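# Structure assessment
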Amino acid sequence: MAAPYVSIIVPVYNEEPNLRKLMARLYPVMTYLGRPFEIIFTDDGSRDRSLEILREMARSHPEVKVIEFNGNFGQHMAIMAAFEKSSGEIIVTLDADLQNPPEEIPKLVAEMEKGHDVVGSIRQKRQDTFFRRAASKIVNITTNKMTGMQMSDYGCMLRAYNRTVIDNLNRCQEMTTFIPALAQTFASNPSEVPVSHAERAEGESKYSLYRLIRLNFDLMTGFSVVPLQLFALLGILTSVASVLFALFLLVRRFLIGSEVEGVFTLFAILFFFVGIIIFGIGLVGEYVGRIYQEVRRRPRYVVRRTYGFEE
């Protein structure tokens, strides 16, 4: 079989209802593209029949390859494991939930062939809840300001990368990362294209509110120290305000004399400052926690077995 020109990478976690539907749409798209291809699925510790279905696909389609994780290591680690096994010149990442239609892949490949090294996608008419859309918009704006990057839609995993960018990503050994932002740091000529968006075909989203918050923390703290700098600036401003307020109270004491009014106001101000301190401790702890994860040098993921690869 000819060396693949396009590698499709799909992380899978409990996607039993969607996998056959995905393959029924993805395989014809790649065949119609007319270039050698491979499809690499990474089973991220699924607890349903996802792995069994993937093994069947690998047996019936020579282009399909499967990586089986020893447990659940997260979507981005599943993609990184597939990056290391991929061999295409163009690598496209795709979610298994069919919210990003496989029919959009040729659009990304065509944009890559114009000379771009990373092609992102911008979801049009998103079929998500208002909360998810609003939160995504806030994260996009905040992250662009903090990191200095210019990406319109950080949350869309339908993206294309060239082999040089993937080789650089494979050299990174970070325990926690955000692949679209990390790839952007290695891109010299990135681009974005609009893509359609659909409702999830079956099942439910694997990203709870907590996991979304964790992911956004990884995004902001993994690529910028601006949060620490902003907190330091806030501390300076708070200290200046505290000194000015203390002078005001001193002058007021001499002019008016002893009084007990305003006690609850002082408590409110105290609680505000305590809240800022606790937030700052948590922010510093986030960075320290990342350092702790890195210095342990534990494996980022454990591959139990692979299917469809030559070795």
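It should be noted that the structure appears before, not after, this text.
Attention here is on the structure that accompanies the text.

The rules behind the values
Residues numbered from 1 in each chain as written. Predicted model: local features only at pLDDT ≥ 70, side-chain atom pairs only at ≥ 80, totals over all residues. Heavy atoms only, no water. Helix = DSSP H or I, 4+ residues; strand = E, 2+ residues; numbered from the N terminus. Buried < 20%, exposed > 50% of the residue type's maximum accessible area, 1.4 Å probe, protein only. Pairing = 2+ DSSP bridges. Right-handed = clockwise from strand over helix to strand, strands pointing away. Core = buried A, V, L, I, M, F, W, Y, C linked by side-chain atoms within 4.5 Å. Contact = heavy atoms within 4.5 Å. Phe/Tyr/Trp six-rings, centres within 6.5 Å; stacked < 30°, edge-to-face > 60°. Lys NZ or Arg CZ within 6 Å of the ring centre and 35° of its normal.

### Focus on unusual backbone geometry
We note that N14 has phi near 55°; this positive angle belongs to a residue other than glycine. Inspection of the secondary structure puts N14 in the loop between strand 1 (6-12) and helix 1 (16-33). According to the relative accessible area criterion, N14 is partly exposed, its value standing at 21%. Not every positive phi belongs to a glycine, and L98 is a case in point at roughly 65°. Looking at where L98 falls in the secondary structure, it is placed in the loop between strand 4 (90-93) and helix 4 (105-112).

### Looking at the pairing of strand 2 (residues 37-43)
In terms of residue burial, strand 2 counts as a mostly covered element, since seven of its seven residues are buried. The alternating pattern of strand 2 places F37, I39, F41 and D43 on one face and E38, I40 and T42 on the opposite face, and all of these are buried. In the sheet, strand 1 pairs with strand 2 via seven bridges, with the strands oriented parallel. Of the residues in strand 2, the one forming a bridge with I8 is I39. In this fold, strand 1 hands off to helix 1, which returns the chain to strand 2; that crossover is right-handed. Bridge count between strand 2 and strand 3 (residues 64-69): five bridges; the pairing is parallel. Of the residues in strand 3, the one forming a bridge with T42 is I67.

### Observations concerning the nonpolar core
In terms of nonpolar packing, the biggest core is built from 36 residues, with I8, F41 and I105 touching the most fellow members. Where this core is concerned, the elements lending two or more residues are strand 1, helix 1, strand 2, helix 2 (50-60), strand 3, strand 4, helix 4 and strand 7 (190-196). The contact partners of I8, leaving out residues within four places of it in the chain, are L26, M30, E38, I39, I40, V92 and I105. In this structure, I9, A78, F83 and L169 belong to the second largest nonpolar core, which totals 25 residues.

### As for the pairing of strand 1
Burial analysis of strand 1 places seven of its seven residues in the buried class, the great majority of the element. Covered by surrounding structure in strand 1 are V6, I8, V10 and V12 together with S7, I9 and P11, the residues of both alternating faces. As paired elements, strand 1 and strand 4 share four bridges and run parallel to each other. Residue S7 lies in a different strand from strand 4, and its bridge partner there is I91.

### Regarding the packing of aromatic side chains
Tallying each qualifying case throughout the model produces four aromatic pairs. Judged by centre distance (5.4 Å) and plane angle (90°), the rings of F69 and F73 are edge-to-face. Taking the centre distance of 5.2 Å and the plane angle of 15° together, the rings of F69 and Y301 count as stacked. Taken together, the residues F69 in strand 3 and Y301 in the loop between helix 10 (263-296) and strand 8 (303-307) connect sequence positions 232 residues apart. Taken together, the ring pairs connect F69, F73 and Y301 into an aromatic cluster. Above the ring of Y5, the side-chain terminus of R35 is found at 3.8 Å from the ring centroid. Taking NZ or CZ as reference, K85 lies 5.4 Å from the ring centre of F309, over its face.

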